Amino acid sequence: HFFIMKMSKDWLTKWLTRLMGFWKSGGSARIILACNTSHLFLPQIYKKVPEAKSAVINIIHSCVEQISKDNVKQVFLLGSEGTIESKVYQEALSEKGIICKVPQKEQYVLLRNCIEAVKQNKYSDEVKKSFQELMDEYDVPIILGCTELPILYEKYKDGIDITVYDPLLIALKKLKEEYENE
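Draft legend 1. View of the pattern of salt bridges. Across all of its chains, the model carries eight salt bridges by this definition. Across the pair K105 and E85 runs a salt bridge, and its minimum N-O distance is 2.8 Å. Here K105, found in the loop between β2 (99-101) and α7 (108-120), pairs with E85, found in helix α5 (residues 81-86); they are 20 residues apart in sequence, far enough to count as distant. Note on E85: relative accessible area 40%, which makes it partly exposed. One continuous salt-bridge network, built from bridges that share partners, spans E81, R112, E116 and K119.

In structure tokens, the structure reads:
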């Protein structure tokens, strides 16, 4: 999310590392970070809290696994500036031979307006138009790589006829399957 990019990466890594430690020491068996951008800090966190690695269900990896399983060859990533610029999805998808298109820099304003509309619970015809414009950019499946975007999708999905991947929902389904198979 936008706030993550404004914070000190060192401070954020320390904060997330402490949280992981608390969760693990408190008996959490599995951990899901809802924020896509926060996954950038997992390698540093795992160095300090190695036991967290087996507990975290990585929403990015889960999403990429599902896309690969579905035999999709190309996707369009909508997400926060941090998620897009970090290339966290692009690199994971590339490892599976999947092409990842991203919005043009000038479209970041549209994306930010959509994300902020959800955060502020302020929806408008302009937000709907911006979201639909982004969703119609390419005729390929779309990754909703920001926690707020699936909320907009649910609100405005009428008229959008494209496959959509919600990383958090995919991770939750994976968690449910794990517990059902225990």
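Let us keep going from here.
Draft legend 2. Structural detail: helix α9 (residues 149-156). Among all positions in α9, only L149, P150, L152, Y153 and Y156 are buried. Down the axis of α9, the buried side of the element spans an arc of 155°, and every buried residue falls inside it. Of the surrounding secondary structure, the elements contacted by the buried residues of α9 are β1 (74-79), α7, α8 (125-135), β3 (142-145) and β4 (164-165).

Draft legend 3. Focus on the pairing of β1. Of all six residues that make up β1, five are buried, and the element is covered over most of its length. As paired strands, β1 and β2 are joined by three bridges and run parallel to one another. Bridge pairing links F76 to K101 in β2.

Calculation criteria
- Residues numbered from 1 in each chain as written.
- Predicted model: local features only at pLDDT ≥ 70, side-chain atom pairs only at ≥ 80, totals over all residues.
- Heavy atoms only, no water.
- Salt bridge = Lys/Arg side-chain N within 4 Å of Asp/Glu carboxyl O.
- Helix = DSSP H or I, 4+ residues; strand = E, 2+ residues; numbered from the N terminus.
- Buried < 20%, exposed > 50% of the residue type's maximum accessible area, 1.4 Å probe, protein only.
- Arc of directions from axis to C-beta.
- Contact = heavy atoms within 4.5 Å.
- Pairing = 2+ DSSP bridges.

Note that every value here comes from positions in space, so none of it alone points to a role or purpose.
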